[in-house]
Amino acid sequence: MPASTSAKPYRIGRSKTGLGLFATQPIKKGVKIIRYFGPLLDSKNEKHDAIENKYLFQISKRWTVDGSIRKNIARYINHACKPNAESDVNAAKKKITIRSIKKIEPGEEINYDYGTEYFKEYLKPIGCKCDACEKKRKRKRAEARAEKLKAKEKAERKALKKEEKAKAKKAKAKAKKAKSSGKAASGKAASGKAKTTKAAAKKTSAATRAKSVRSSKAKAGKARSKAA
């Protein structure tokens, strides 16, 4: 395994989750970074088996490393779902080493995957804060906002369409009413005209009859004059 270019290519620094371990110089892929160590706990020992903390690292079914001691700087390495390092466990030697699985740049936080059990017990209830999960949550929030905006725009388009349809219906009804009123007015005018024509015709007929009567009377007068 390649060795680091320095005895301590890392430093403890402020992380999103509290404290973390950060690279102070470039770390190549496959480089041993730091050892995770602490008292060995035997699961067959009742006192050991009763110890509970966040820094317990199980090596085998029997042996577990209690990494809660302050000298164990590796305990500051945080979990990541897409890490740049991993834990290399040697069960025979009861030894745990953290090594890089990709190139780590200076200032970049060193992290490894704590495993499914730890994730379910400690991280899932509060929400994992690693970069991958933060990006995933950010993407989901963005998608939710986009979906909400899309639904809002759809509702607005639907409301506008409904409004336009109502306006068109109203305009159509108004036009129909105006048309009906126009027909009624036209019919009324036609009826009035017909009445006027009828009256005029009646008047003409009366005048014609009067003229005819006068003509008949005039003829009768002439006839009487001749007879005399």
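Just above sits the structure.
Residues numbered from 1 in each chain as written. Predicted model: local features only at pLDDT ≥ 70, side-chain atom pairs only at ≥ 80, totals over all residues. Heavy atoms only, no water.

Peer 1: Describe the overall build of the chain, naming the residues involved and giving the relevant values.
Peer 2: The number of helices and strands found in the chain is 3 helices and 10 strands. Mapped in sequence order, the helices and strands of the chain form the string β-β-β-β-α-β-β-β-β-β-β-α-α. By residue count, 21% of the 228 residues in the chain fall in the buried class. Look at the contacts in the chain between residues 6 or more apart in sequence, and 64% of them connect residues 24 or more apart. Only carbon and sulfur atoms are counted for the fraction: they give 55% of the accessible area of the chain, which is about 17400 Å². (Helix = DSSP H or I, 4+ residues; strand = E, 2+ residues; numbered from the N terminus. Buried < 20%, exposed > 50% of the residue type's maximum accessible area, 1.4 Å probe, protein only. Contact = heavy atoms within 4.5 Å. Areas by Shrake-Rupley, 256 points an atom, 1.4 Å probe, with all protein chains shown as cover.)

Peer 1: A description of the sheet that holds strand β5 (residues 56–58) should follow, citing residues and the corresponding values.
Peer 2: Spatial ordering of the open sheet is given by β4-β6-β5, a layout of 3 strands whose pairing is antiparallel. One side of each edge strand has no neighbouring strand; the edge strands of this open sheet are β4 (40–42) and β5. Put simply, the sheet's adjacent strands are angled 35° from each other on average, direction ignored. Where β5 and strand β6 (residues 63–66) come together, 3 bridges link them in antiparallel fashion. Bridge pairing in β6 links glutamine 58 to threonine 64. (Pairing = 2+ DSSP bridges. Axes fitted to C-alpha atoms, helices over the stretch in contact; angles between N-to-C directions.)

Peer 1: Requested: an account of the pattern of salt bridges, with residues and values cited.
Peer 2: Scanning the model with the defined rule gives 7 salt bridges in all. Here glutamate 86 and arginine 99 are joined by a salt bridge, their closest N and O atoms 2.4 Å apart. Within this pair, whereas glutamate 86 is found in strand β8 (residues 85–90), its partner arginine 99 is found in strand β9 (residues 95–100), the two being separated by 13 residues in sequence. Each of Glu86, Asp88 and Arg99 takes part in a single network of salt bridges with overlapping partners. (Salt bridge = Lys/Arg side-chain N within 4 Å of Asp/Glu carboxyl O.)

Peer 1: Give a detailed account of the nonpolar core, specifying residues and quantitative values.
Peer 2: Counting residues in each nonpolar core, the largest one holds 19 residues, and the members touching the most others are Ile27, Ile33, Ile34, Tyr36, Ile77, Ile110 and Tyr112. Contributing elements (two or more residues each) for this core: β2 (18–23), β3 (32–36), β9 and β10 (109–112). A total of 3 residues in this core trace back to one element, the largest contributor, which is β3. Excluding residues that lie within four positions of it along the chain, isoleucine 27 makes contacts with Pro9, Ile33, Ser100, Lys102, Lys103, Ile104 and Ile110. (Core = buried A, V, L, I, M, F, W, Y, C linked by side-chain atoms within 4.5 Å.)

Peer 1: An account of the pairing of β10 is needed here, citing residue identities and associated values.
Peer 2: The two faces of a sheet get side chains in turn, since along a regular strand they alternate between them. What you see with β10 is no split at all: Glu109 and Asn111 on one side and Ile110 and Tyr112 on the other are buried throughout. Here β2 runs beside β10; their pairing, made up of 2 bridges, is antiparallel. Looking at β10, one finds that leucine 21 is bridged to isoleucine 110. As paired elements, strand β7 (residues 78–79) and β10 share 2 bridges and run parallel to each other. Bridged to histidine 79 within β10 is tyrosine 112.

Peer 1: Could you give an account of the environment of isoleucine 96, naming the residues involved and the relevant values?
Peer 2: Here isoleucine 96 is to be found in strand β9. It is 5.3 Å that separates the C-alpha atoms of isoleucine 96 and tyrosine 36, two residues lying 60 residues apart in sequence. Here isoleucine 96 is in contact with Arg35, Tyr36, Phe57, Ile59, Val65, Ser87, Asp88 and Val89, once residues within four sequence places are set aside.

Peer 1: Got a sec to walk through the sheet that holds β9? Specific residues and values, please.
Peer 2: Pairing within the open sheet is antiparallel, and its 3 strands lie in the order β3-β9-β8. Either end of the sheet is taken by a strand with one partner, and the two such strands are β3 and β8. Within the sheet, the average angular offset between the axes of one strand and its neighbour, ignoring direction, is 25°. As defined by bridge partners, β3 adjoins β9 across 4 bridges and the pair is classed as antiparallel. Bridge pairing in β9 links tyrosine 36 to isoleucine 96.

Keep in mind these numbers describe shape, not what the thing actually does.
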